[in-house]
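# Understanding the architecture of this molecule
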Amino acid sequence: MRVRWPSAVLAAALVVGLLLTSCGGSVGSGGTGAPLASAQGTVTGFGSVVVDGVVYDDDGVAGREEIAPGQFRTRSVALGQQVELAYEQQVDRAVLRSISVAASLVGPVQRVGVARQVMGQTIEAIDDPVQGPLTVLEGMGSLDDLAEGDWVEVHAAPWRSGVGYRWRATRVEKLDGPAQARVAGTVTQVGPGRQARVGTLTIDYGQASVVPADHVLRPGDRLIAWGAAQPDGLRASAVRVLARESANAARPARLSGVVGALDATSARFELAGVTVDYGGARILPPGEALIEGRYAQVEGHQRADGVFVAREVKLRKPEAGGKRERVHLRGRIERYASDASFEVRGMAVDASGAQLRHCEAGLREGLEVRVQGWREAGTPVRAEWVDCRD
């Protein structure tokens, strides 16, 4: 798959499609006839499901992931994952209708050290909550524990910095071994035959099933590709090209990521590979500076030309202060060691200094609890209180 590429600036931008599903009633509605709203972002807690600080009532909605174009399997939702969801905005709450786990990259570690790479993309950890949700690590103590050839699943928020892109990881899971490789991103170049590039990764889709059928990739296409990792790229078995959303100002949307390519003159920046027009938007919190590298959530709608028109830009500002971030968890206790040490939703909890509320019978494996606390990069959740009420 070695291809001679024309000289050009290469950029990679993770852009995940917003998967809107019909839940009965009118198409694209929650049964009320009103269009469903969509959101993309990072799971930051569980009360129901919390995505970038917004609570969505997830009663009865199971997580899923796409394993091939239009084919899904059940998948648990975990802290730090990138997700796509459709929800119905009611008077006093947002009711979740679907939630899909959307990994950015699945594949082998190709380079370790400061410029660590997975599937041709440079990955960095987040240790300052202003830059994004702190990286959640599973199967390792730090990214420095990874070795070349280790397989990982990476959830990341890419941002355009200078002439290239940097991928800030919100979650990295070490896998037991090789799996189906996956890349979600934007085509930056095309080469001879049915080959394309996402950043520095060459994708050979000559033998792949492509949705839509017979589509020939071109620069700017957003895609998800599945297949076999090769030393010099990805040999794709399936590719889904993500369709541009139809313009619909009545269908609100939320998009989260790291501010990049900021142009104050035109009042535009790039977020998760999408151009955002913030000319008429309110910036929150008041007085906070909109600068490159800040993690933000925008609310608005997408125009027919793909530009996201923001009515509000909310900059991430940690509740806990400093380099700590607030965490809310709800779930069953797992890997119970003592009342001071256990897991909830796959997150290690240190409850040694916590107040136990309504826990007269003590804690135990499988008990449903709510936990509030905070965490720093590389530390367990330091619980302030644990509540045992249903």
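Notes on the structure in this doc start here. Small disclaimer: the values here were computed from a predicted structure and weren't measured. (Residues numbered from 1 in each chain as written. Predicted model: local features only at pLDDT ≥ 70, side-chain atom pairs only at ≥ 80, totals over all residues. Heavy atoms only, no water.)

Before going further, it helps to examine the overall build of the protein chain. Helix and strand counts for the protein chain stand at zero helices and 33 strands. Evaluated residue by residue, the protein chain yields a buried proportion of 54% over its 390 residues. The long-range fraction of contacts in the protein chain, counting pairs at least 24 apart against all pairs at least 6 apart in sequence, stands at 63%. (Helix = DSSP H or I, 4+ residues; strand = E, 2+ residues; numbered from the N terminus. Buried < 20%, exposed > 50% of the residue type's maximum accessible area, 1.4 Å probe, protein only. Contact = heavy atoms within 4.5 Å.)

In this section: the packing of aromatic side chains. The full count for this structure, using the stated rule, is two aromatic pairs. Residues Tyr56 and Tyr87 carry aromatic rings whose centres are separated by 5.0 Å and whose planes lie at 65° to one another, so their mutual orientation is edge-to-face. Residue Tyr56 is found in strand S3 (residues 54–56), and its partner Tyr87 is found in strand S6 (residues 82–89); the two are separated by 31 residues along the sequence. Considered together, Tyr56 and Tyr87 belong to a single accessibility category, that of buried residues. Ring plane angle 35° and centroid distance 5.4 Å describe the contact between Phe269 and Tyr278, whose orientation is recorded as tilted. Tyr278 shares its class with Phe269; the two are buried. Cation over ring: Arg324 sits above Trp374, and NZ or CZ is 4.2 Å from the ring centre. (Phe/Tyr/Trp six-rings, centres within 6.5 Å; stacked < 30°, edge-to-face > 60°. Lys NZ or Arg CZ within 6 Å of the ring centre and 35° of its normal.)

Moving on: the pairing of strand S1 (residues 37–45). Walk down a regular strand and you will see the side chains alternate between the two sheet faces. Among the nine residues that make up S1, nine are buried, leaving the element largely enclosed by the rest of the structure. Across six bridges, the pairing between S1 and S6 is antiparallel. Along S6, the bridge assignment pairs Ser38 with Ala86. Here S1 runs beside strand S21 (residues 253–258); their pairing, made up of three bridges, is parallel. Among the inter-strand pairings, Gln40 is bridged to a residue of S21, identified as Leu255. Examined bridge by bridge, S1 and strand S2 (residues 49–51) share two bridges and lie antiparallel to one another. What sits directly across from Val43, in S2, is Val51. The antiparallel pairing of S1 with S2 creates a hairpin that spans three residues between the two strands. (Pairing = 2+ DSSP bridges.)

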